[in-house]
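In case you want the letters, here they are:
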Amino acid sequence: MTNQTTEQRDDIEALARQAAAAVDAEQVVRLTRDLVRLRSVVEPERGGNEEPVADYLMVLLRGWGLEPLRQDAAPGRPNVICDWAGTGFDPDHHKTLMFEGHSDVVTEGDPDRWRYPPFEARQVDGRIYGRGSADMKAGVAAALAALSAVRATAPRLAGRVRLGIVADEEGLMIGIKHFIAAGWADAVDGAIVCEPEQNELCLFQKGAMRLHIRVTGVMSHGAMPYAGVNPLPVLAEIIGRIQQLEADEQQRCGEHPYLGLPWITPTIVRAPAHGEAQHNVVPETGYLGVDIRTVPGQDHDALLQAIDDIATEVASRDDRLSAEVECFESRPWTETPADDPLVGALEEAYPLVLDEAPKYGGVPGATDGTFLHSQAGVPIVTVGPGDRTIPHQRDEYVDIAEIVKSARLYAAATVLFLSTSKTT
């Protein structure tokens, strides 16, 4: 934030404070509760259900005089994109800040086990309860409220805000992938990913890999196992070997200050790979699902090769055995430089509007920001309302005071980030 006089900086900071103060706390609550009441659950057997949220956002944003766009990432899986630009915005010289959120939530499970109905959005003792309240409809509401405040207080701001509320973050992230493929990330100079991180500024995200490991042997009668080749001991040995690989990687990488240790976790074991198991049958096939969480310093291709080498070596001991390793999803870890202008804007906004020094953290799981960063080259900071441990749990909730703080932080950071040109 250089090349500005002291007087100009003072004016910008004053405008940032005004934008933060203009955040309407009642609007934040209303938006969050409205969104939580929309059951946008992703159910693997039925697909997504994000359309009610998309419909709500389209009506809301049109009512604000904006021109939102709906694009389906897949049939019935809509993204909502909406731009607002200050007077005189020039894309060649002025920045674009994106607020990124997702419209889908995970299943509520048995609703009878919830303290309050999971889609009622009950407000109790300063909290909003419900599935998706923290992950991440409160973050979406905070971004909307921040945009509303910036429009009211800084109409001549020389920059653009882009909302990207996408589908399927809880699945294979087809929403953000479609957003990027359609070119919507091309003009973005920085993105705030509004996930629940207790309003900590997260410059790091863990990476994720998901593997299928399939072993094929020879089926036989349980009374005569020597007549076949059992894939289960092979899977057991592979599990042991990848646990040793995990220990080696943890030793090599150490504990990241914000992300902790890397993990290689067997999550599914099945034999036969398909169909019914029988006690008196040695299965022909076995399946192992593996979830890998990586930290800076790990190479996904190298990890995949190491696991493939393990499976190949173990299976090579009998020419009737074969093993196949397939990586069906790879989400690289991300690291945003501490001197990036977006980081600077958020760090400056923190004491301006929250009266405290910035707090920092790391994202333990992958987010849509993973692909914004790795595929589109967009600097990202993940920061938003909600306890990072509460998503996907029964009785999910978010503190109202935290949502309001997020909205004010977003509003101030928007002014600070967009008040400098691309060349600054």
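Above this text sits the structure in question.
Caption draft 1: Main features of the overall build of the protein chain. Across its full length, the protein chain carries 10 helices and 18 strands. In terms of C-alpha radius of gyration, the protein chain reaches 24 Å, essentially the compact-globule figure of 22 Å for 424 residues. C-alpha atoms of the protein chain, sized along the principal axes, occupy 85 × 45 × 40 Å. Counting all 424 residues of the protein chain, 54% fall into the buried class. Within the protein chain, contacts between residues at least 6 apart in sequence are counted, and of these 81% link residues at least 24 apart. Side-chain charges in the protein chain split into 38 positive and 64 negative, and the spacing between the mean points of these groups amounts to 5 Å.

Caption draft 2: A look at the sheet that holds strand 4 (residues 123-124). One open sheet holds the three strands; their spatial order is 4-5-18, and the pairing between them is antiparallel. Each end of this open sheet is capped by a strand with a single partner; those strands are strand 4 and strand 18 (397-399). Here two bridges tie strand 4 to strand 5 (residues 127-129), and the two strands are oriented antiparallel to one another. Residue pairing for strand 5: Val124 is matched across the bridge by Arg127. Sheet contacts for helix 4 (residues 133-153): strand 5 and strand 18; angle to strand 18, the most-contacted strand, approximately 45°.

Caption draft 3: A look at helix 4. With 21 residues, helix 4 ought to run about 30 Å at 1.5 Å a step, and its terminal C-alpha atoms sit 28 Å apart, in line with that. Counting buried residues in helix 4 gives 17 out of 21 residues, a clear majority hidden from the surface.

Caption draft 4: A look at unusual backbone geometry. For the bond from Asp135 to Met136, the omega torsion is -5°, close enough to zero to count as cis. Locating Met136 in the fold gives a position in helix 4. A cis amide bond links Ala271 to the next residue, Pro272, at an omega of 0°. With respect to the secondary-structure elements, Pro272 resides in the loop between strand 11 (263-270) and strand 12 (281-282). Located in the positive-phi region is Gln198, a residue other than glycine, with phi close to 60°. Mapped onto the secondary structure, Gln198 falls in the loop between strand 7 (190-193) and strand 8 (201-205). Note on Gln198: relative accessible area 30%, which makes it partly exposed.

Caption draft 5: Here's a closer look at the sheet that holds strand 13 (residues 285-294). If you trace the four strands from one edge of the open sheet to the other, you get 11-13-9-14, paired in antiparallel fashion. The sheet is open, and its two edges are formed by strand 11 and strand 14 (322-331), each paired on a single side. Across the sheet, the mean angle from the axis of one strand to that of its neighbour is 20°, orientation sign disregarded. Taken together, the nine bridges between strand 9 (residues 207-216) and strand 14 define a ladder with antiparallel strand orientation.

Caption draft 6: A look at the packing of aromatic side chains. Counting across every chain of the model gives four aromatic pairs. With a centroid separation of 5.0 Å and an interplanar angle of 65°, the aromatic rings of Tyr116 and Tyr129 are classed as edge-to-face. Within this pair, whereas Tyr116 is found in the loop between strand 3 (96-102) and strand 4, its partner Tyr129 is found in strand 5, the two being separated by 13 residues in sequence. Under the relative-accessibility criterion, Tyr116 is labelled buried at 16%. Between Phe204 and Tyr258 the ring centres are 5.8 Å apart and the planes differ by 15°, which places this aromatic pair in the stacked class. Here Phe204 is found in strand 8, whereas its partner Tyr258 is found in the loop between helix 6 (231-253) and strand 11, with 54 residues between them in sequence. With a relative accessible area of 14%, Phe204 lands in the buried category.

Caption draft 7: Quick peek at the environment of Ala411. Along the polypeptide, Ala411 turns up in helix 10 (residues 400-418). It is 16 Å that separates the C-alpha atoms of Ala411 and Ile380, two residues lying 31 residues apart in sequence. In this view, Ala411 contacts Ala19, Ala20, Val23, Ala146 and Val150; residues no more than four positions away in its chain are not counted.

Reading guide: rules and limits
Residues numbered from 1 in each chain as written. Predicted model: local features only at pLDDT ≥ 70, side-chain atom pairs only at ≥ 80, totals over all residues. Heavy atoms only, no water. Helix = DSSP H or I, 4+ residues; strand = E, 2+ residues; numbered from the N terminus. Rg over C-alpha atoms; globule rule 2.2 N^0.38 Å. Buried < 20%, exposed > 50% of the residue type's maximum accessible area, 1.4 Å probe, protein only. Contact = heavy atoms within 4.5 Å. Lys, Arg positive; Asp, Glu negative; His and termini not counted. Charge placed at Lys NZ, Arg CZ, Asp CG, Glu CD. Pairing = 2+ DSSP bridges. Axes fitted to C-alpha atoms, helices over the stretch in contact; angles between N-to-C directions. Expected span 1.5 Å × (residues − 1). Phe/Tyr/Trp six-rings, centres within 6.5 Å; stacked < 30°, edge-to-face > 60°.

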